[in-house]
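# Structural description and commentary
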Amino acid sequence: MTHATKAIYKLLLSDYVKVSKVSVEDMLYDEQDILRSMDKIEVIDFHQTLEVNGIRFWCYTAGHVLGGAMFMVDIAGVRVLYTGDHSREEDRHLRSAEIPQFSPDICIIESTYGRGQELLLILDEYWSNHPELHNIPIYYASPLAKRCMAVYQTYINSMNERIRNQFANSNPFDFKHISPLKSIENFNDVGPSVVMGSPNGLQSGLSRQLFEMWCSDKKNACVIPGYVVEGTVSGEKTPEVGETVSGLLVKKAFTYQIMAPDDLHVFSQLSTANISQRITIAYSGAFGVLKHRLKQMFESVESLPDEESEGPAFCVHERLTVKYESEKHISLHWRSDSISDMVSDSVVALVLNISREIPKVVVESEEATKTEEENNKKAEKVIHALLVSLFGDVKFVENGKLVISVDGNVERVGMLRAKTKALRKGCE
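Quick look at the structure, then. (Residues numbered from 1 in each chain as written. Predicted model: local features only at pLDDT ≥ 70, side-chain atom pairs only at ≥ 80, totals over all residues. Heavy atoms only, no water.)

## Description of the overall build of the protein
Threshold: The helix and strand labels rest on DSSP assignments: H or I over at least four residues marks a helix, E over at least two residues marks a strand, and numbering proceeds from the N terminus. Exposure is judged per residue with a 1.4 Å probe applied to protein chains only, and the accessible area is read against the type maximum: over 50% gives exposed, under 20% gives buried, and values in between give partly exposed.
Helix and strand counts for the protein come out as 12 helices and 18 strands. The buried share of the protein, taken over its 428 residues, is 32%.

## Description of the environment of Tyr227
In this structure, Tyr227 sits in the loop between α6 (205-214) and β9 (248-252). The sequence separation of Tyr227 and Gly201 amounts to 26 residues, and the corresponding C-alpha distance is 8.7 Å.

## Digging into the side chain of His177
Note the following rule: By definition, residues are in contact when any of their heavy atoms lie within 4.5 Å.
For His177, the position within the fold is in the loop between α5 (161-169) and β7 (178-180). Leaving out residues up to four positions away in the same chain, His177 has contacts with Asp124, Trp127, Ser128, His134 and Ile138.

## Let's talk about the sheet that holds strand β8 (residues 194-197)
Which entries qualify depends on this criterion: A pair of strands counts as paired when DSSP detects no fewer than two bridges linking them. Lines fitted to C-alpha atoms define the axes here, with helix axes fitted over just the stretch in contact, and angles between the N-to-C directions of these axes take values from 0 to 180 degrees.
Pairing is parallel in the open sheet, where three strands are placed in the order β7-β6-β8. Both outer strands of the open sheet, β7 and β8, are each paired with one neighbouring strand and no more. Strand-to-strand twist across the sheet, computed as the mean angle between neighbouring axes with direction ignored, equals 25°. With four bridges joining them, strand β6 (residues 138-141) and β8 adopt parallel strand pairing. Residue Ile138 lies in a different strand from β8, and its bridge partner there is Val194. Taken strand by strand, helix α3 (residues 116-129) contacts β6, β7 and β8, and its axis lies near 170° from that of β8.

## Observations concerning the sheet that holds strand β15 (residues 329-335)
Taken together, the five strands give an open sheet; going across it, the order is β11-β15-β14-β13-β12, and neighbouring strands pair in antiparallel fashion. A strand with exactly one partner marks an edge of an open sheet, and here the two such strands are β11 (276-282) and β12 (301-303). Strand-to-strand twist of the sheet, defined as the mean angle between neighbouring strand axes without regard to direction, takes the value 25°. Across four bridges, the pairing between strand β13 (residues 313-316) and strand β14 (residues 320-326) is antiparallel. Looking at β14, one finds that Cys315 is bridged to Thr321. The strands touched by helix α8 (residues 287-295) are β12, β13, β14 and β15; relative to β13, the strand with the most contacts, the crossing angle is about 15°.

## Some points on the environment of Leu123
Among the secondary structure elements, Leu123 is positioned in helix α3. Residues Leu123 and Phe175 lie 52 residues apart in sequence; the distance between their C-alpha atoms is 9.6 Å. Residues in contact with Leu123, not counting those within four places in the same chain, are Ile138, Ile178, Val194 and Met196.

## Points about the state of the cysteines
To be explicit about the condition: Cysteine sulfur atoms that come within 2.5 Å of each other are treated as a disulfide pair.
Within this structure, the stated rule accounts for zero disulfides. Unpaired in this structure, Cys215 has its nearest cysteine sulfur neighbour in Cys222, at a distance of 9.2 Å. Assessed through its relative accessible area of 47%, Cys215 is described here as partly exposed.

## Quick word on the pattern of salt bridges
If charged atoms from side chains of opposite charge come close, those side chains can pair. Quick note on the threshold: Here a salt bridge means any side-chain nitrogen of Lys or Arg lying within 4 Å of a carboxyl oxygen belonging to Asp or Glu.
Taken as a whole and assessed by the stated rule, the structure comprises six salt bridges. A salt bridge links Asp74 to Arg56; the shortest N-O distance between them is 3.7 Å. In this pair, Asp74 is assigned in strand β3 (residues 69-75) and Arg56 in strand β2 (residues 55-61), connecting sequence segments 18 residues apart. By relative accessible area, Arg56 is classed as partly exposed at 33%. Via salt bridges that share partners, Arg56, Asp74 and Arg79 belong to a single interconnected network.

## Some words on the packing of aromatic side chains
For clarity, the cut-off: Two rings from Phe, Tyr or Trp (for Trp, the six-membered ring) form a pair when their centres are within 6.5 Å of each other. A pair whose planes differ by under 30 degrees is stacked, one over 60 is edge-to-face, and the rest are tilted. Whether a charge lies above a ring is judged from NZ of Lys or CZ of Arg, which has to be within 6 Å of the ring centre and within 35 degrees of the ring normal.
Counting across every chain of the model gives six aromatic pairs. The side chain of Arg79 reaches across the aromatic face of Phe102, ending 4.4 Å from its centre.

## Description of unusual backbone geometry
Located in the positive-phi region is Ala76, a residue other than glycine, with phi close to 55°. Positive phi, close to 60°, is recorded for Glu318, a residue that is not glycine. With respect to the helices, strands and loops of the structure, Glu318 is situated in the loop between β13 and β14. By relative accessible area, Glu318 is classed as exposed at 69%.

## What to know about α3
As a reminder, the rule being used: Working rule for helices: expected span equals 1.5 Å times residues minus one.
An ideal rise of 1.5 Å per residue puts 20 Å on 14 residues; α3 measures up with 20 Å between its terminal C-alpha atoms. Listed as buried for α3 are Gln117, Glu118, Leu120, Leu121, Leu123, Asp124 and Trp127.

## Some thoughts on the nonpolar core
The condition is simple: In this description, a nonpolar core means a group of buried Ala, Val, Leu, Ile, Met, Phe, Trp, Tyr and Cys residues linked to one another through side-chain atoms lying within 4.5 Å.
Within the largest apolar cluster, 21 residues are counted, with the highest numbers of intra-cluster contacts made by Leu290, Leu294, Val316, Val322 and Val347. Listing elements by their share of this core, those giving two or more residues are α8, β13, β14, β15 and α10 (338-357). Of the residues forming this core, the biggest block, six residues, is contributed by α10. If near-sequence neighbours (up to four positions away) are discounted, Val322 is found in contact with Phe287, Leu290, Pro312, Ala313, Phe314, Val316, Ile330, Ser331, Leu332 and Val347. Core analysis: the next-biggest nonpolar cluster, separate from the first, contains 20 residues, Leu66, Leu121, Tyr152 and Ile156 among them.

## Things to note about the pairing of β3
Pairing of β2 with β3 involves six bridges; the strand directions are antiparallel. Across the sheet, Arg56 pairs through a bridge with Asp74, a residue of β3. Across six bridges, the pairing between β3 and strand β4 (residues 78-83) is antiparallel. Bridge assignment links Asp74 to a residue of β4, and that residue is Arg79. Linkage of β3 to β4, two consecutive antiparallel strands, is achieved through a turn of two residues, within which Ala76 is found at a positive phi near 55°.

Okay, here's the thing in structure tokens:
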């Protein structure tokens, strides 16, 4: 890389480490990695030719940013020109990109970011030419830009002729109408002002703080002079008036912010977690009966494949899973949230209610004396319990008949003696 690029390199990468919100384990590098990499950097002058393993390369001025270079790589006579951002327009402080004396066979161009120093020069010059604006202060709130300013002053000779001539009389980067702003605590927010803040994605830092302070007043403006990244605040569509927005309401200091749950760890020191809940309930009724009763309460009750649930199971409202554990127990599984918790409470209440509805039938030992009348009563209880578990509302009426009510439909069923005898034999 060029000498000027190496001078800025450490500042840029160290700034990333400081503003990064990812965990230590997920960081690409840390300060120690940056320091170790400094010794591995080899610098090159513009137009200096180097050769490595038979591959020759040299660089030209790319403009756009201080130290920016275009590299011409010669491999067996095939020339490849590689460049990042470049500018053929000479701006207020940098030369324009050079035109190589050799036409490349292949040209690779990659474009990235804009430049704060050029914007500062534009603003300072405009304010100088318009005295009516002198009572409106301009601030640049970027510690990185302030540190890079010293590098720009060091490499004045890499800039255009206009800046070099101006530097002979005064420092062009010693702005007359622009002041540095260290933090939001040092900002006197009284009256109109212009603040250049970073990052341009508004995801954190001073730019995010100012945006939250000013965005509610339509008299204020937010100008993003560079590209925006999808997923950041600057890259999101602004909600229309009356449009519903959803997220987590987070209080930070004396301000409230609405954040998507996935962004919580990025913009704050908080994080989200999921709680999986499980409860086992005593239930000795038929598993199919429980599913039938739940279908009467919920719109969606779907059976799950055995290989997925490791046994009979069904899903309620796409939120809660009911599993068959044994002849006497079932279990409920769900991921805790306000809706799923209500669904689970309803299912628990239904299961307990079904258990109370089922009459208790005590089967006497074979040694006990049994009369035909007792066996008939026992059989009637068993049939009644079975019908209750299937249909819910079942009542005895005169002449040993049953009245079954389902969704307003009423049916009378007679107790046939032949079926009673068969059932009685099964009980015996």
